[in-house]
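Working through the structure, step by step
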Amino acid sequence: VTVAASWVDIPNDSDFTLANLPFGIATKHGWSSPHVVIAVGRYVFDCNAALDSDLLGDLDLNASTLATGSLNELFAQGREPVSSFRCRVAELLRSDNTELQDRLDLVTEVMVPRSSVTMQLPFVIGDYVDFYSSEAHATNLGKMFRPQGDPLLPNWKQLPVGYHGRSGTIVPSGTDVCRPRGIVLDEGIPTYSQSKMLDFELEVGTFVGLGSALGESISTADAANHIAGFVLFNDWTARDIQTFEYQPLGPNLAKSFLSSISPWVVTLDAVEPYLVHQPRQDPLPVRPLRAHGNGAIDIHLEVSLSSALMRESGLNPVRVSKTNFSEMYWTWAQQLAHITANGASTRTGDFYASGTVSGTEPDSYGSLIEMTWRGERPLVLPTGEVRAFLEDGDEVNMRGWCGKGPERVGLGKVSGRVLPARE
Ligand code: MN
């Protein structure tokens, strides 16, 4: 990949290079409504201001498309118009383009310090499905939850197993998570109490851009035209609530109390250079689910953790996991094909998450229940504190990126801090 130089100062380790240009929704003191923004280095490119200043040229764009406080209308147009939009912004930011860089009055209007804006949810989120597509994760949980049987149930390699989740409790990065209450077994007695086994799940989420009509199915080959892009996703999970409630219909309140996403929607165009072969599928899936081309994405993923005591002691967060998204057994394209295989419609802003991304080694697991093997092997933090599951005050940070240097395409981060259960 060769990426053009930019007149914008982009730090060397930035997630937001000219190769990335992810979309988001920001609010700012002084703005009367949320704006559509694109991240570049330490700045955001204010699309609303650029449109007002006639910088977006020939794009067939209605001002109202950018004025709704979400990305839904923009991405509802499909992949091509958004690609053109992103290309036009890349052009304006290139060193050899003077249309914006020579207009100092416009530069201060359009290039806004990222530290001065607050990122919101990028989409009005419609339906939400959480998948379970990492073979290592499904195997680990199968061993713990069903020690007597095969870790993978017979359907697992035939279709991407998933459940419908609660979209209304998906929140942007930085939102605190209150320890949930629920019905758990306490020495065999069903008890309504606060969760003592609060966990995180490292996942990558996909937003639907162009929707599909009722009765229509999206093929794996066409999935690329229907997705808006990718975000990081923390599927907070109460393991004790999950253990009691999940049979036979899957998770419900163990997950629905809160889920967190990173605010930047990284497009398929941006990650295209990092598409790779997914793991070999044996048995070959039935036809609507069969892979088309390279569907896996080479995204490095990391989780770090800090306790309240660590922060008070001035200690940096400690990395607890490092893994790669390319190891997922089922891809985002197969997952979308599966969602619509029965003719269910999709709408712009629908969301689906990959399932916990775990590698095969303990330092690459995507959840605490796997890392500590349900608490049998607790983590030891730099302060000497031990963790089987999350304690109040703990903060979880997830990051993800492809490539490096001026070609780096980062997803940013999703973070959240655990607050005590409400009285
Ligand atoms: Mn999950």
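Conventions we followed
- Residues numbered from 1 in each chain as written.
- Predicted model: local features only at pLDDT ≥ 70, side-chain atom pairs only at ≥ 80, totals over all residues.
- Heavy atoms only, no water.
- Core = buried A, V, L, I, M, F, W, Y, C linked by side-chain atoms within 4.5 Å.
- Buried < 20%, exposed > 50% of the residue type's maximum accessible area, 1.4 Å probe, protein only.
- Helix = DSSP H or I, 4+ residues; strand = E, 2+ residues; numbered from the N terminus.
- Contact = heavy atoms within 4.5 Å.
- Pairing = 2+ DSSP bridges.
- Salt bridge = Lys/Arg side-chain N within 4 Å of Asp/Glu carboxyl O.
- Patch = residues over 30% accessible without salt bridge, like charges linked within 9 Å, V, L, I, M, F, W, Y side chains within 5 Å.
- Areas by Shrake-Rupley, 256 points an atom, 1.4 Å probe, with all protein chains shown as cover.

So, about the nonpolar core. With 56 residues, the main nonpolar core has Phe200, Phe230, Trp236, Ile297, Trp332 and Leu390 as its most contacted residues. The biggest single contributor to this core is strand 25 (residues 409–419), with 4 residues. Excluding anything up to four places from it in sequence, Ile297 contacts Phe230, Val271, Tyr274, Leu275, Val276, Asn324, Phe325, Ser326, Trp332 and Cys402. Among the nonpolar cores identified, the runner-up in size contains 44 residues, and Leu71, Ala90, Val107 and Ile125 belong to it.

This part is about the sheet that holds strand 9 (residues 177–178). With mixed pairing, the 5 strands of this open sheet are ordered in space as 9-25-24-19-20. Sheet topology places strand 9 and strand 20 (318–324) at the edges, where each strand pairs with a single neighbour. With 8 bridges joining them, strand 24 (residues 395–402) and strand 25 adopt antiparallel strand pairing. By the bridge assignment for strand 25, Gly400 is matched with Gly412.

With that out of the way, let us pick up the pattern of salt bridges. Summed over all chains, the structure comprises 21 salt bridges. The partner of Arg280 in a salt bridge is Asp282, and the shortest N-O contact between them spans 3.6 Å. Looking at Arg280, the relative accessible area reads 69%, which means it is exposed. Classification of Asp282 by relative accessible area gives partly exposed; the value is 47%. Between Arg387 and Asp394 there is a salt bridge, and its shortest N-O distance comes to 2.7 Å. One network of salt bridges, in which partners are shared, links Asp199, Glu201, Asp235, Arg239 and Lys255.

Inspection of the secondary structure assignment puts Glu407 in the loop between strand 24 and strand 25. Since its relative accessible area comes to 27%, Glu407 is described here as partly exposed. Distance from Glu407 to Ile183, taken between C-alpha atoms, is 48 Å for residues 224 residues apart in sequence.

Glancing now at helix 10 (residues 332–340). Taken across its 9 residues, helix 10 has 7 buried, putting it largely inside the fold. Residues of helix 10 that are buried: Trp332, Ala333, Gln334, Gln335, Leu336, Ala337 and Thr340. In this structure, the buried side of helix 10 is in contact with strand 6 (128–131), strand 13 (202–208), strand 14 (227–234), helix 8 (268–271), strand 18 (296–297) and strand 21 (351–353).

Attention shifts here to a nonpolar patch on the surface. A cluster of nonpolar side chains, contributed by Ile183, Leu185, Tyr192 and Phe244, occupies part of the molecular surface with about 440 Å² of accessible area. Mapped onto the elements, Tyr192 comes out in strand 11 (residues 189–194).

The subject of this paragraph is the pairing of strand 2 (residues 35–40). Within strand 2, 6 of the 6 residues are buried, which leaves the element mostly enclosed by the surrounding structure. Burial along strand 2 is two-sided: the residues His35, Val37 and Ala39 and Val36, Ile38 and Val40 are all buried. The pairing of strand 1 (residues 23–27) with strand 2 spans 4 bridges and is classified as antiparallel. Opposite Gly24, over in strand 2, you have Val37 as the bridge partner. The sheet contact formed by strand 2 and strand 3 (residues 43–46) spans 4 bridges and is antiparallel.

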